[in-house]
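Observations on chain architecture
Below are the chains, spelled out letter by letter.
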Amino acid sequence: MTADWGAVEDVEPAAGRLLVATPLLGDAHFSRTVVYLLEHDGGGTVGVVLNRPSHTPVAQVLPDWHDAVSGPAVVFGGGPVQPDGALCLGQLQPGSAGIREVVDGVSTVDLDGDVAVIAPNARRLRVFAGHAGWAPGQLDDEHDEGAWWVLPGSPDDLFSEDPRPMWRQVLRRQPPPLSLISTYPPDVVLN
């Protein structure tokens, strides 16, 4: 599956960075996705897909959290691993109860915690159903095969109010040739 995309300078996978699916990645779970990495170490890699908001309102599955989450107030499809499990990420005051800091002011939030205590300390919150995960070395192999670009990310990506076009938006803000690839059609045959 390897492809030469020109002078694309990837950075190493790390928490807070983005995985952006290359057009070669045909897996339906990850086609044209942007994944925010939460962890990348000897135990593997964990992240959440940012540009797959569902049609399920947070109020439908976690009614107490509906008013606390950032817009759009829907559950996001975080990835194919444990799709029935909920994961909440947020930007909260450091040291707040019910959180575990991850990177760049982003923390995991305990959804079993008291929303009345957590929400006032939150700038932004987002709920994901499932997550993306790779065994040790698996992501590195996929990256070497040309399935992913690793790019700088920020909490603003994680909490985007317009997540659906994120694949194009993230690529457009990169230097060429990635900025040009942002216009790559979903199906080259139909171009």
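Notes on the structure follow.

Take unusual backbone geometry next. Between glycine 71 and the following residue, proline 72, the backbone shows a cis peptide bond with an omega angle of -10 degrees. In this fold, proline 72 is placed in the loop between helix 1 (58-61) and strand 5 (74-77). Proline 176 connects to proline 177 through a cis peptide bond whose omega is 10 degrees. Looking at where proline 177 falls in the secondary structure, it is placed in the loop between helix 5 (166-172) and helix 6 (178-181). The phi torsion at glutamine 82 lies on the positive side, around 50 degrees, for a residue other than glycine. Structurally, glutamine 82 can be placed in strand 6 (residues 81-92).

Right, let's talk about the packing of aromatic side chains for a bit. In the structure shown here, the tally under the stated rule is 4 aromatic pairs. Aromatic pair tryptophan 134 and tryptophan 148: ring centres 5.8 Å apart, planes at 85 degrees, arrangement edge-to-face. Of this pair, tryptophan 134 sits in strand 9 (residues 122-134) while tryptophan 148 sits in strand 10 (residues 148-151), and the two are 14 residues apart along the sequence. Of the two residues, tryptophan 134 and tryptophan 148, neither departs from the other in class, the shared state being buried. Positioned over the ring face of tryptophan 167 is arginine 32, at 4.0 Å from the centre of the ring.

The alternating pattern of strand 1 (residues 18-21) places Leu18 and Val20 on one face and Leu19 and Ala21 on the opposite face, and all of these are buried. Sheet analysis places strand 1 next to strand 2 (residues 34-41), joined by 3 bridges and oriented antiparallel. Among the inter-strand pairings, valine 20 is bridged to a residue of strand 2, identified as valine 34. By the bridge criterion, 4 bridges tie strand 1 to strand 10 in an arrangement that is antiparallel. Note that in strand 10 the partner of valine 20 across the bridge is tryptophan 149.

Our focus in this paragraph is the side chain of asparagine 51. By the secondary structure assignment, asparagine 51 is in the loop between strand 3 (44-49) and strand 4 (53-57). According to the relative accessible area criterion, asparagine 51 is buried, its value standing at 7%. Here the side chain of asparagine 51 touches arginine 32 through a polar contact of 2.8 Å, landing on its backbone oxygen. Polar side-chain contacts of asparagine 51 include one of 3.1 Å to the backbone nitrogen of valine 34. Sequence-distant contacts of asparagine 51, that is, excluding residues within four places in its chain, are made with Arg32, Thr33, Val34, Pro163, Arg164, Met166 and Trp167.

The next subject is a negative patch on the surface. A cluster of acidic side chains, namely Glu12, Asp140, Asp141, Asp144 and Glu145, defines a negative patch on the protein surface. Tracing the backbone through its elements, the reader meets aspartate 144 in helix 3 (residues 138-144).

Let us look at the pattern of salt bridges. Considering all chains together, one arrives at 2 salt bridges under this definition. Linking aspartate 156 and arginine 124 is a salt bridge whose minimum nitrogen-to-oxygen distance equals 2.9 Å. On the criterion of sequence distance, the pair formed by aspartate 156 in helix 4 (residues 155-158) and arginine 124 in strand 9 is long-range, its members being 32 residues apart. Classification of arginine 124 as buried rests on a relative accessible area of 17%. The salt bridge involving aspartate 157 is made with arginine 173; its shortest N-O contact spans 2.9 Å. Taken together, the residues aspartate 157 in helix 4 and arginine 173 in the loop between helix 5 and helix 6 connect sequence positions 16 residues apart. A relative accessible area of 6% means that aspartate 157 is categorised as buried.

Rules behind the numbers
Residues numbered from 1 in each chain as written. Predicted model: local features only at pLDDT ≥ 70, side-chain atom pairs only at ≥ 80, totals over all residues. Heavy atoms only, no water. Helix = DSSP H or I, 4+ residues; strand = E, 2+ residues; numbered from the N terminus. Phe/Tyr/Trp six-rings, centres within 6.5 Å; stacked < 30°, edge-to-face > 60°. Buried < 20%, exposed > 50% of the residue type's maximum accessible area, 1.4 Å probe, protein only. Lys NZ or Arg CZ within 6 Å of the ring centre and 35° of its normal. Pairing = 2+ DSSP bridges. Polar contact = N/O pair within 3.5 Å; in protein donor to acceptor, adjacent residues only side chain to side chain. Contact = heavy atoms within 4.5 Å. Patch = residues over 30% accessible without salt bridge, like charges linked within 9 Å, V, L, I, M, F, W, Y side chains within 5 Å. Areas by Shrake-Rupley, 256 points an atom, 1.4 Å probe, with all protein chains shown as cover. Salt bridge = Lys/Arg side-chain N within 4 Å of Asp/Glu carboxyl O. Lys, Arg positive; Asp, Glu negative; His and termini not counted. Charge placed at Lys NZ, Arg CZ, Asp CG, Glu CD.

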